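# Coordinate analysis (summary)
Each chain, written out:
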2 protein chains.
Amino acid sequence: MTHPVNGLNEVVHQRTRLGILTIAQEARSVDFGFLQSTLELTAGNLSHNLGVLEDAGLVRIRKGYEGKRPRTRVEITAAGRQALRAEIAYLKQLIAHVDGADG
Amino acid sequence: MTHPVNGLNEVVHQRTRLGILTIAQEARSVDFGFLQSTLELTAGNLSHNLGVLEDAGLVRIRKGYEGKRPRTRVEITAAGRQALRAEIAYLKQLIAHVDGADG
């Protein structure tokens, strides 16, 4: 059997993107500002990583207005949920390795 | 409470380095070639990531000979074990979030 880290997808595994997907799957949609403060990111860093996830089809980004203020909302896609589920399954295998060896 | 991904350390979390540490903690020392084949890496990529871990004090690299053949062996340090343990603890929190939301 191949080592569990070989199954990890860098698009999903990268720390910031893993955080975005984890938060996005907990709600129908999440606000850009909420992601930024929860994950302690600059707007530029968050935008970059949202772009990577959007290009991979894992999130949808909706730009709109709330009154006069621009508002960006993020939704996880079905593919995003599936990719996150796969990541979590590989992480569980990895943890079993470590916990097994650590005794 | 801060989001669990904010606790993840990129030096340890990055896919290849997480694999190296996971394998290294299962034995007193591991062979470069074994890491390379298990993690499906080029020698250059493995060397680069071992260098990052060595610079952070998480592994020790011992170069020697077995007969006439050069042999590189990798050992996890006490700091490496601790860093891996912290990573696993944050991953468990993250998984609890996802499994909780996923129902």
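Anything mentioned here points back to the structure above.
A brief structural summary. As the structure is a prediction and not an experimental result, all values here were calculated from the model. (Residues numbered from 1 in each chain as written. Chains lettered and ligands numbered in written order. Predicted model: local features only at pLDDT ≥ 70, side-chain atom pairs only at ≥ 80, totals over all residues. Heavy atoms only, no water.)

### Notes on the sheet that holds strand E3 (residues 69-76) of chain B
Residues and elements named next belong to chain B.
- Here three strands make up an open sheet; going across it, the order is E1-E3-E2 and the pairing antiparallel. The open sheet terminates on both sides in strands that have one partner only, identified here as strand E1 (30-31) and strand E2 (59-66).
- Seen against the sheet, helix H4 (residues 43-55) touches E2 and E3 and runs at an angle of roughly 125° to E2. (Pairing = 2+ DSSP bridges. Helix = DSSP H or I, 4+ residues; strand = E, 2+ residues; numbered from the N terminus. Contact = heavy atoms within 4.5 Å. Axes fitted to C-alpha atoms, helices over the stretch in contact; angles between N-to-C directions.)

### Regarding helix H2 (residues 15-24) of chain B
- Of all ten residues that make up H2 of chain B, ten are buried, and the element is covered over most of its length.
- Structurally, the start of H2 of chain B carries an N-cap: the backbone nitrogen of Thr16 of chain B is 3.1 Å from a side-chain oxygen of Gln14 of chain B. (Buried < 20%, exposed > 50% of the residue type's maximum accessible area, 1.4 Å probe, protein only. Polar contact = N/O pair within 3.5 Å; in protein donor to acceptor, adjacent residues only side chain to side chain.)

### Observations concerning the pairing of strand E3 (residues 69-76) of chain A
Residues and elements named next belong to chain A.
- Here strand E1 (residues 30-31) runs beside E3; their pairing, made up of two bridges, is antiparallel. Residue pairing across strands places Asp31 opposite Arg73, the latter belonging to E3.
- With eight bridges joining them, strand E2 (residues 59-66) and E3 adopt antiparallel strand pairing. Note that in E3 the partner of Arg60 across the bridge is Glu75.
- The antiparallel pairing of E2 with E3 creates a hairpin that spans two residues between the two strands, and Gly67 there sits at a positive phi of about 65°.

### So, helix H4 (residues 43-55) of chain A
Residue and element names in this part refer to chain A.
- Counted at 1.5 Å a residue, the expected span for H4 with its 13 residues is 18 Å, and the 18 Å between its end C-alpha atoms agrees.
- Within H4 the residues assigned to the buried category are Leu46, Asn49, Leu50 and Leu53. Down the axis of H4, the buried side of the element spans an arc of 105°, and every buried residue falls inside it.
- For H4, the elements touching its buried residues are helix H1 (10-13), helix H2 (15-24), helix H3 (32-38), E2 and E3.
- In the stretch just after H4, Gly57 is the one whose phi turns positive, near 75°. (Expected span 1.5 Å × (residues − 1). Arc of directions from axis to C-beta.)

### Some thoughts on the pattern of salt bridges
- Applying the stated criterion across every chain yields a total of twelve salt bridges over all chains.
- The residue Glu10 of chain B makes a salt bridge to Arg15 of chain A at a minimum N-O spacing of 3.3 Å. Note that Glu10 of chain B is positioned in helix H1 (residues 10-13) and Arg15 of chain A in helix H2, a pairing that runs across two chains.
- The class of Arg15 of chain A is buried, set by a relative accessible area of 14%.
- Each of Asp31, Glu66 and Arg71 of chain A takes part in a single network of salt bridges with overlapping partners. (Salt bridge = Lys/Arg side-chain N within 4 Å of Asp/Glu carboxyl O.)

### Thoughts on the interface of chain B and chain A
- Contacts between the two partners involve 30 residues from chain B, matched on the other side by 30 residues from chain A.
- With both chains or domains summed, chain B and chain A bury close to 2900 Å², and 59% of this area falls on carbon and sulfur atoms.
- Ranking the residues of chain B by area buried against chain A places Arg15, Ile95 and Val98 of chain B at the top, with a combined share of 21%.
- Applying the counting criterion to the chain B and chain A interface returns four salt bridges.
- Here Lys92 of chain A makes a salt bridge to Asp99 of chain B, at a shortest N to O gap of 2.9 Å.
- At the boundary of chain B and chain A, one finds 17 residue pairs in polar contact (both at pLDDT 80 or more).
- Mapped by element, the contributors of at least two residues to the side of chain B that touches chain A are H1, H2 and helix H5 (78-102) of chain B.
- Residues of the side of chain B that touches chain A, tallied by class, amount to twelve nonpolar, ten polar and eight charged. (Buried area = accessible area lost by both parts, 1.4 Å probe. Nonpolar A, V, L, I, M, F, W, Y, C, P; charged D, E, K, R; others polar.)

### Remarks on the packing of H2 of chain A against H4 of chain A
Residues and elements named next belong to chain A.
- Contact pair H2 / H4: the axes reach a minimum separation of 10 Å and the direction vectors enclose 75°. It follows that H2 is roughly perpendicular to H4 by the angle criterion. For the pair H2 and H4, the contacting residues are Thr16, Arg17, Ile20 and Leu21 in the first and Leu46, Asn49, Leu50, Val52 and Leu53 in the second.
- In the contact of H2 with H4, the residues fall into six nonpolar, two polar and one charged. (Parallel < 35°, antiparallel > 145°, perpendicular 65-115°, else oblique.)

### What about the nonpolar core?
- Leu21 and Leu35 of chain A together with Leu21 and Leu35 of chain B are the most contacted members of the largest nonpolar core, which has 54 residues in total.
- Not counting residues up to four positions away in its chain, the partners in contact with Leu35 of chain B are Ile20, Ile23, Val30, Glu40, Leu46, Leu50 and Val74 of chain B. (Core = buried A, V, L, I, M, F, W, Y, C linked by side-chain atoms within 4.5 Å.)

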